[in-house]
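Structural overview for review
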Amino acid sequence: INGSGSTWSAVAIDQWRADVANQLGLTVNYIAAGSSYGRQYYIALGDQTDFAVSEIPFVGDETDQLKAHNRTYQYLPIVAGGTSMMYNLKDSAGRRIRDLRLSVDTITGIFTGKITNWNDPRIKADYGKSLPSLAITPVIRSDGSGTSAQFAAYLAHESPKLWGAFVKDKMLDPKMPVSNYPDLPNSISQKGSDGIANYVANPVVGVGAIGYMEAAYATQRNFP
């Protein structure tokens, strides 16, 4: 069985693939290339792709493409998890910070380029403590991603004024899923959830970085 798609779901899928291989002798191949790629592979490579995993449904003209390729489909819920903020911060004594608290407006400010330093008073108000003066590096997905779409939908729902102004400036429809994260100054783009997690965890370039991903990726690396 061959499938492709979401990296957000890949941690669980990889465990399931190993389980059915051990228990049933069944081989399930999965390419964690992102939700958008998964949907496109399913549409165009019908003889090679049996299933796709995506956090958002087929969008735009994808349903027309499915008809053109004589592909049918059913949606099945497979996994639930938490989209988290993985960050790499240390206090003035060099100890890793593990108890950071950020409000949704502060997170939106970071991921729309309005909050750029960890000593910002809005962060101090959320956290209750001062943080060192250090540039914030938001790490976003470079590929079409259901994780980006989930995260953007959360920001749009919980902080509509800030997010709406951001996407309006990018000439995007705030009601449409954002599979490709809008251009964000001073950010770093990485492919897949693994890419974001690896960058944030990097002891050199990752200091001051914060990214969004399924919580398991942070747990795997023992990061908050």
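As shown above, the structure is provided for reference.
This write-up is about the structure you can find in this document.

Rules used in this analysis
- Positions within a chain are numbered from 1, following the residues in the order the chain's sequence is written.
- pLDDT decides what is reported in this predicted model: residues at 70 or higher carry local features, side-chain atom pairs at 80 or more are listed and counted, and totals for whole chains, interfaces and linings draw on all residues regardless.
- Side-chain figures throughout are based on the complete set of non-hydrogen atoms in the structure, without hydrogens or water.
- Side-chain atoms within 4.5 Å link the members of a nonpolar core, which is a set of buried Ala, Val, Leu, Ile, Met, Phe, Trp, Tyr and Cys residues.
- Each residue gets one of three labels from its accessible area relative to the maximum for its type: buried under 20%, exposed over 50%, partly exposed in between, using a 1.4 Å probe on protein chains only.
- The contact rule is simple, with two residues in contact once any of their heavy atoms fall within 4.5 Å.
- If DSSP finds at least two bridges between two strands, the strands pair.
- Strands are runs of DSSP state E lasting at least two residues, helices are runs of H or I lasting at least four, and both sets are numbered from the N terminus onward.
- Every crossover in which the path from the first strand over the helix to the second runs clockwise, viewed with the strands pointing away from the viewer, is termed right-handed.
- Axis geometry follows a simple rule: fit a line to the C-alpha atoms, using only the stretch in contact for helices, then measure angles between N-to-C directions, giving values from 0 to 180 degrees.

Grouped together as the largest cluster of nonpolar side chains are 28 residues, with contacts concentrated most on Leu-100, Phe-111, Tyr-181 and Ile-210. Dropping the residues within four chain positions of it, Tyr-181 is found in contact with Phe-111, Ile-140, Arg-141, Ser-148, Phe-151, Leu-155, Trp-163, Phe-166 and Tyr-212.

By the bridge criterion, four bridges tie strand 1 (residues 2-5) to strand 2 (residues 29-32) in an arrangement that is parallel. Across the sheet, the residue bridging to Gly-3 is Tyr-30, located in strand 2. Where the polypeptide runs from strand 1 across helix 1 (residues 10-24) and back to strand 2, its parallel neighbour, the crossover connection is right-handed.

A few words on the sheet that holds strand 1. A sheet is described by the order of its strands in space; here three strands give the open sequence 2-1-3, paired in parallel fashion. In this open sheet, the two edge strands, each paired with only one partner strand, are strand 2 and strand 3 (51-53). Neighbour to neighbour, the strand axes of the sheet diverge by 20° on average, direction disregarded. Relative to strand 3, strand 1 runs parallel, the two being bridged by three bridges. Directly across from Gly-5, in strand 3, lies its bridge partner Val-53. Sitting on the sheet, helix 1 is in contact with strand 2 and strand 3, with an inclination near 165° to strand 2. Those strands touched by helix 2 (residues 35-44) are strand 1 and strand 3, and its axis lies near 165° from that of strand 3.

These values are about where atoms sit, not about what they do.
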